[in-house]
Amino acid sequence: GDSVTQMEGPVTLSEEAFLTINCTYTATGYPSLFWYVQYPGEGLQLLLKATKADDKGSNKGFEATYRKETTSFHLEKGSVQVSDSAVYFCALPYNQGGKLIFGQGTELSVKP
Amino acid sequence: GAVVSQHPSRVICKSGTSVKIECRSLDFQATTMFWYRQFPKQSLMLMATSNEGSKATYEQGVEKDKFLINHASLTLSTLTVTSAHPEDSSFYICSARDRQISNQPQHFGDGTRLSIL
């Protein structure tokens, strides 16, 4: 069945470091792919999305490219800030009803 | 952008109390809303899919008599935790999709922290 696998956290970085959070998926066809971010004590916010192969989603300095060859959607940011500290979830829809499959989440902690 | 409002943000109550959580889509119509439960340091667990004007669809292992869902309009779904007990303490999150836009991601509320004493 469809699934999403993220790299395990927590990830601890210094401010201005480069960030990569790996996400790979298995799916039937080519679904849209999403990254959501959850700040402490809050719900999830859509960070970025890609709707087809080779699309690059970007927002707030974060980027992710939909790569069907490697079935990956890795999240990257060139220079992280303390305010980026949060939990990041990779997700894909698995039926027409709109249900989402989430990865297990990767906690990012950025130190000043 | 699309906004989903969830209320209340935090509830603390005694064991045996029933608690209602509201989820509203503020600037779009949502035929479908989703209810999730999240345990500390874990991912979201889908509890049920709430469909406007019809019965909710519950995921396996979720007690429908315990977690009552009502989706009376295109902008409001409610989750009622009936006769709540300490093991029901958790973070509950709702989400909604805009019915007018296909392939649209879900938009999430800010969650409700439920603590049963």
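We now turn to the structure provided with this report.

**A closer look at the overall build of chain B**
Along its length, chain B carries zero helices and 11 strands. Counting from the amino terminus, chain B carries its helices and strands in the arrangement β-β-β-β-β-β-β-β-β-β-β. Since a compact globule built from 117 residues should have a radius of gyration of about 13 Å, the 14 Å found for chain B is in line with a globular shape. Dimensions of chain B along its principal axes, counting C-alpha atoms only, are 40 × 25 × 20 Å. A total of 117 residues make up chain B; the buried ones form 51% of that total. Within chain B, contacts between residues separated by at least 24 positions form 54% of all contacts whose residues are at least 6 apart in sequence. Surface exposure of chain B reaches about 5800 Å², of which carbon and sulfur atoms provide 49%. Taking the average place of the 12 positive charges on the side chains of chain B and the average place of its 10 negative ones, the gap between the two points comes to 4 Å.

**A few points about the state of the cysteines**
Going through the model one piece at a time under the given rule, you end up with two disulfides over all chains. At a sulfur-sulfur separation of 2.0 Å, the disulfide partner of Cys 23 of chain A is Cys 90 of chain A. An S-S torsion of about -70° defines the bridge between Cys 23 of chain A and Cys 90 of chain A as left-handed. Of this pair, Cys 23 of chain A sits in strand β4 (residues 23–26) while Cys 90 of chain A sits in strand β10 (residues 86–93), and the two are 67 residues apart along the sequence. Taken as a pair, Cys 23 of chain A and Cys 90 of chain A share a single burial class, namely buried. With a sulfur-sulfur separation of 2.0 Å, Cys 23 of chain B is cross-linked through a disulfide to Cys 94 of chain B. Here the S-S torsion is close to 80°, and the disulfide linking Cys 23 of chain B with Cys 94 of chain B is therefore right-handed.

**What about the interface of chain B and chain A?**
Chain B puts 22 residues into the contact, and the matching count from chain A is 22 residues. Of the roughly 1600 Å² buried between chain B and chain A, counting both surfaces, carbon and sulfur atoms make up 51%. Applying the counting rule to chain B against chain A returns two salt bridges. Looking at the side of chain B that touches chain A, the elements with two or more residues in it are β4 (32–38), β5 (44–51) and β9 (90–96) of chain B. Here the element with the most residues in the side of chain B that touches chain A is β4 of chain B; it accounts for four residues. Its residues placed into classes, the side of chain B that touches chain A shows eight nonpolar, 10 polar and four charged.

**Here's the deal with unusual backbone geometry**
The step from Gly 9 of chain A to Pro 10 of chain A runs through a cis peptide bond, and the omega angle for that step is -5°. Inspection of the secondary structure puts Pro 10 of chain A in the loop between β1 (3–6) and β2 (11–14). The omega angle of the peptide bond from His 7 of chain B to Pro 8 of chain B is 0°, so this bond is cis rather than trans. Residues other than glycine seldom take positive phi values, yet Lys 41 of chain B does so here, at roughly 65°. Take Lys 41 of chain B: it is sitting in the loop between β4 and β5. A residue is classified by how much of its surface remains accessible, and Lys 41 of chain B, at 75% relative accessible area, is exposed. At Ser 83 of chain B, a residue that is not glycine, the phi angle is positive and equals roughly 45°. Mapped onto the elements, Ser 83 of chain B comes out in the loop between β8 (76–81) and β9. Since its relative accessible area comes to 32%, Ser 83 of chain B is described here as partly exposed.

**Considering the side chain of Asp 55 of chain A**
All names here are of chain A. Tracing the sequence through the fold places Asp 55 in the loop between β6 (44–50) and β7 (56–59). Looking at Asp 55, its side chain comes within polar contact range of the side chain of Thr 51, at 3.2 Å. Residue contacts for Asp 55: discarding those within four places in its chain leaves Ala 50, Ala 64, Thr 65 and Tyr 66.

**Regarding the environment of Pro 93 of chain A**
Residues and elements named next belong to chain A. You can see Pro 93 is positioned in strand β10. We classify Pro 93 as partly exposed; its relative accessible area is 21%. Along the backbone, Pro 93 and Pro 31 are 62 residues apart, and their C-alpha atoms lie at a distance of 6.7 Å. Ignoring any residue separated from it by four or fewer positions in sequence, one finds Pro 93 in contact with Pro 31, Ser 32, Phe 34, Lys 99 and Leu 100.

Parameters and conventions
- Residues numbered from 1 in each chain as written.
- Chains lettered and ligands numbered in written order.
- Predicted model: local features only at pLDDT ≥ 70, side-chain atom pairs only at ≥ 80, totals over all residues.
- Heavy atoms only, no water.
- Helix = DSSP H or I, 4+ residues; strand = E, 2+ residues; numbered from the N terminus.
- Rg over C-alpha atoms; globule rule 2.2 N^0.38 Å.
- Buried < 20%, exposed > 50% of the residue type's maximum accessible area, 1.4 Å probe, protein only.
- Contact = heavy atoms within 4.5 Å.
- Areas by Shrake-Rupley, 256 points an atom, 1.4 Å probe, with all protein chains shown as cover.
- Lys, Arg positive; Asp, Glu negative; His and termini not counted.
- Charge placed at Lys NZ, Arg CZ, Asp CG, Glu CD.
- Disulfide = S-S within 2.5 Å.
- Buried area = accessible area lost by both parts, 1.4 Å probe.
- Salt bridge = Lys/Arg side-chain N within 4 Å of Asp/Glu carboxyl O.
- Nonpolar A, V, L, I, M, F, W, Y, C, P; charged D, E, K, R; others polar.
- Polar contact = N/O pair within 3.5 Å; in protein donor to acceptor, adjacent residues only side chain to side chain.

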